[in-house]
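Listed below are the residues making up each chain.
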Amino acid sequence: MSLYWETADLLTAPTNAGGSLKSRIFGKKDLKSQPAQIYALAIETCKWSSVLKEVVENADILRVERKLTPILSILLTHDLLLAKKGVALPATHGLRVAIERHKNRLQAEFTRARIRRKLGSAEAFKAFIESGLEDRGDGSEMLHPRWIRINTLKTTLEDQLETTFSGYERSTNVDDVRHRGSKRLFIDFHIPNLIAISPNIDLSKSDAYKNGSIIFQDKASCFPAYLLDPLAEDGDIIDTCAAPGNKTTHIAAILLSHNSEPDKCSQVIHAFEKNKGRAVTLEKMVNLAGSDAWTKLHPGQDFLKTDPNSAVFKNVGALLLDPSCSGSGIIGRDDMPELHLPVIKQPSSNTSKPQKKGSKTLDPSNETRKRKREDHEDALDVMVDDDGEVTAVNSEDELKARIEALSKFQLELLLHAFKFPTAKKITYSTCSIHAGENEMVVQKALEHPVAKERGWRVLKRENQIRGMQEWPVRGSLEACRGDEILAEACIRANKEDEHCTMGFFLAGFTRDLAPKEDIDSEFLRDERGHLVRDIMGFPVRVDPGAGSANAVNEEDDIATISPIPADEGEEEWSGFGDDGVGQDNSAPLAQEFPKKDKRSGAGTRHDPSKKRPQFGITDKKRKKSKKV
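Residues numbered from 1 in each chain as written. Predicted model: local features only at pLDDT ≥ 70, side-chain atom pairs only at ≥ 80, totals over all residues. Heavy atoms only, no water.

The name an unreviewed UniProt entry gives the protein chain is S-adenosyl-L-methionine-dependent methyltransferase, with Hyaloscypha variabilis as the organism. According to UniProt, the comment filed for the protein chain under the heading Sequence similarities (unreviewed entry) is "Belongs to the class I-like SAM-binding methyltransferase superfamily. RsmB/NOP family." (UniProt positions renumbered as here; feature names shortened; annotations may be inferred.)

Caption draft 1: Highlighting the overall build of the protein chain. Of the regular secondary structure elements, the protein chain holds 21 helices and 17 strands. Residue pairs at least 24 apart in sequence account for 71% of intrachain contacts in the protein chain once pairs closer than 6 positions are excluded. When the accessible area of the protein chain is evaluated, it comes to approximately 34200 Å², of which 50% is carbon and sulfur surface. (Helix = DSSP H or I, 4+ residues; strand = E, 2+ residues; numbered from the N terminus. Contact = heavy atoms within 4.5 Å. Areas by Shrake-Rupley, 256 points an atom, 1.4 Å probe, with all protein chains shown as cover.)

Caption draft 2: Region of the structure containing helix α11 (residues 246-257). When the terminal C-alpha atoms of α11 are compared, their 17 Å separation across 12 residues agrees well with the 16 Å that a helix rising 1.5 Å per residue should span. For α11, a buried count of 11 out of 12 residues is recorded, marking the element as mostly surrounded by other parts of the structure. Regarding α11, the residues found buried are N246, K247, T248, T249, H250, I251, A252, A253, I254, L255 and L256. (Expected span 1.5 Å × (residues − 1). Buried < 20%, exposed > 50% of the residue type's maximum accessible area, 1.4 Å probe, protein only.)

Caption draft 3: Broad picture of the packing of α11 against helix α12 (residues 276-289). Running from N to C, α11 and α12 point in directions that differ by 30°, and their axes come no closer than 9 Å. Classified by the angle their axes make, α11 and α12 are roughly parallel. Between α11 and α12 lies a crossing of right-handed hand. Contacts from N246, T248 and T249 of α11 reach α12 at L282, M285, V286 and A289. (Axes fitted to C-alpha atoms, helices over the stretch in contact; angles between N-to-C directions. Parallel < 35°, antiparallel > 145°, perpendicular 65-115°, else oblique. Left-handed = near helix turned anticlockwise from the far one by under 90°.)

Caption draft 4: Quick look at the UniProt feature "active site" (unreviewed entry) in the protein chain. The UniProt entry lists C431 under the feature "active site" (unreviewed entry), expressed in the numbering used here. Exposure remark for C431: the relative accessible area of 7% places this residue in the buried category.

Caption draft 5: Layout of the environment of R112. Mapping R112 onto the fold places it in helix α6 (residues 103-116). Judged by relative accessible area, R112 falls into the partly exposed class, the value being 42%. A polar contact of 3.0 Å, which involves the side chain of R112, links it to the side chain of E109. (Polar contact = N/O pair within 3.5 Å; in protein donor to acceptor, adjacent residues only side chain to side chain.)

Caption draft 6: Examining the packing of aromatic side chains more closely. A complete count under the given rule lists 13 aromatic pairs for this structure. Seen in terms of ring centroids, F110 and F125 are 5.2 Å apart; in terms of plane orientation they differ by 35°. Their pairing is tilted. Here F110 is found in helix α6, whereas its partner F125 is found in helix α7 (residues 122-130), with 15 residues between them in sequence. Of the two residues, F110 and F125, both sit in the buried class. Judged by centre distance (6.0 Å) and plane angle (90°), the rings of F186 and F189 are edge-to-face. Joined through ring pairs, the aromatic side chains of F272, F303, F313 and F420 make up one cluster. For the cation-ring pair, R146 lies above F216, with the distance from its terminal atom to the ring centre recorded as 4.8 Å. Positioned over the ring face of F189 is K219, at 5.8 Å from the centre of the ring. (Phe/Tyr/Trp six-rings, centres within 6.5 Å; stacked < 30°, edge-to-face > 60°. Lys NZ or Arg CZ within 6 Å of the ring centre and 35° of its normal.)

Caption draft 7: Structural view of the pairing of strand β4 (residues 194-197). Along β4, one buried face is formed by L194 and A196 and the opposite face, lined by I195 and I197, is buried too. Of the strand pairs in this sheet, strand β3 (residues 184-187) and β4 are connected by three bridges, and their pairing is antiparallel. The residue of β4 that forms the bridge with F186 is A196. (Pairing = 2+ DSSP bridges.)

Caption draft 8: The arrangement of the pairing of strand β9 (residues 316-321) in detail. With six of its six residues buried, β9 lies for the most part within the structure. Taken together, the four bridges between β9 and strand β12 (residues 425-430) define a ladder with parallel strand orientation. Each bridged residue has a counterpart across the sheet, and for L320 the counterpart in β12 is T427.

Caption draft 9: Spatial organisation of helix α1 (residues 3-11). Across the nine residues of α1, seven count as buried, placing the element largely inside the fold. By the burial criterion, the buried members of α1 are L3, Y4, E6, T7, A8, L10 and L11. Where the residues of α1 are buried, they touch α2 (21-27), α3 (35-59) and α4 (70-82).

Caption draft 10: Quick look at the sheet that holds strand β2 (residues 169-171). Overall, mixed pairing links the five strands, which are arranged β2-β3-β4-β1-β5 in an open sheet. This sheet does not close on itself; its edge strands, each paired only once, are β2 and β5 (214-216). Between one strand axis and the next, the sheet turns through 35° on average, direction left out of account. Packing against the sheet, α11 makes contact with β1 (146-150) and β5, and its axis sits at approximately 40° to β1.

Caption draft 11: Seen up close, the packing of α3 against α4. Interhelical geometry of α3 versus α4 gives an angle of 95° and a closest axis separation of 8 Å. Considering their axes alone, α3 and α4 lie roughly perpendicular with respect to each other. Of α4, the residues touching α3 (which contributes L41, E44, T45, W48, S49, L52, K53 and V56) are S73, I74, L75, T77, H78, D79 and L82.

Caption draft 12: Geometry of unusual backbone geometry. For the bond from A243 to P244, the omega torsion is 5°, close enough to zero to count as cis. Here P244 is to be found in the loop between β6 (236-239) and α11. We note that D60 has phi near 55°; this positive angle belongs to a residue other than glycine. Mapped onto the elements of the fold, D60 is located in the loop between α3 and α4.

Caption draft 13: Structural detail: the pattern of salt bridges. Scanning the model with the defined rule gives 22 salt bridges in all. Between E439 and R492 there is a salt bridge, with its nearest N and O atoms 2.8 Å apart. Placement of E439 in helix α15 (residues 439-447) and of R492 in strand β14 (residues 491-493) is noted, with a sequence separation of 53 residues between them. E439 sits in the buried class, given a relative accessible area of 0%. Each of E54, R116 and R117 takes part in a single network of salt bridges with overlapping partners. (Salt bridge = Lys/Arg side-chain N within 4 Å of Asp/Glu carboxyl O.)

Caption draft 14: Quick peek at the UniProt feature "binding site: S-adenosyl-L-methionine" (unreviewed entry) in the protein chain. Here the UniProt-annotated "binding site: S-adenosyl-L-methionine" (unreviewed entry) positions come out as C241, A242, A243, P244, G245, N246, K247, E273, D302 and D322. Within the secondary structure, N246 is located in helix α11. Among all residues touching N246, those that are not within four sequence positions of it are R149, I215, F216, Q217 and M285. Following the sequence through the fold, D302 ends up in the loop between β8 (295-299) and β9. Here L304 takes part through its backbone nitrogen, which lies 3.0 Å from a polar atom of the side chain of D302.

Structure below.
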């Protein structure tokens, strides 16, 4: 079976071979074993590797079993001692026979390892490892907390504090939750409904996570939707590169929080994802989070190929752009889990031959470390973008070329968003630390004729929503070429600083559009808000000398039309007089006139809706008279 060999190869690959362990496994197309099975074995073995190294070395099986390599020995020992079904190999397989031959010795060393840690049971040992206490070292390492967004489409912060996080100690500083072994919670004061918990706590199996009530999302990743702040008057929203769906569902949560009657909200979130595989993930996320009622998915569709003037997007007032980037700000993107490998014990000095004076004693651990350093130096540096694409980078020139290629696409996306005729808000963000993908793209966009012709400008800091105004880390003044206003308008998050976020960049754009009321105010409206039309069916313009009123009542509406005497039915109608609304020669639309009660005095007042058919009858009578 290839499970152990494939897992061993992936775990011992150079640390800078590109991507996290998960991306390496699930991105490899020629695996014979199930990727999920490989990943589970690799992660659990790494978690226990310091203990397994100790067990294998003390059992001294590597010196006896030549078929076993250090990495194979801890993989097999893990399954032998910790997996429910044991070693996943046939009973007669050579590797299984080799490891099970030493089962009693390995179990005894495993028990000794537990006792040395002063743990009373196997369950306590597992809890100790799961909490991360085994690898805490001297405690000086500050870990990245786990950020969690409370999904207000399904729950509230108060409900989750009373249920999912009921046993947590409340902290007032995010640093307090960064240590392993603690069970603390910090409520963020920049982004509403966002909390941070200790990194060793795994909530992926909790009910709240499974039903979409809580969403794992880095704090910086919550910035774009929060800055966009979609309101009811903003109309529909577009998320241009939506997968995996965290920002899309965050938009929906904010949108509904501004609506007192969510069930009556008619706004639509258009979620685009050109990659069909990622679009499947997006759909699952949208459904799980409960935002499907307000989200229109566009799977496999490229936002750049949309027509901004299409009727589908006539009400789009806000767009969120989070395009593909270098991913240089993502925490753990290039990290591999820590792995402790056993070494073969050297014979003790009292049983070995005396060494010659001046000879060097080989230290296997030093030799291993040296070999890893040499592998690291020989391997190529790589850059992994947020789509998982791995690009080898050998020099600064290659890095510059890659950044330039990405920035061209990012600028094209931003300029395309500028073309939506009713848009008033746009946010542009990346998870990159490079100015070439951030401030420089913003500058180029603002200097482009499309932005100038359509009135787009950067959203200044003083006009941003309060949480983003108060965020202290702003854009690079150098990258903004000394423009302090632009630098202050840009928002940055530094990778692994005191704010405990990923590396991130965000800028907002805004413009003013002439309100529709300015055009509508030129025409008269009745008490129901309907346009008043003339005999031709055209809207009646407001008389400049009649004041600013743009609504008329039923009496005025009827009085403006001159009645036609009944005894003039045989004469040809020549239109209204000078005091009428107009001199047009076609009949008005019946539905625009108020209906009259049949029981009222119809003979005392002209009813246009009843007279209109008389025009045709009069014409017929006239034709008959001519024939006679």
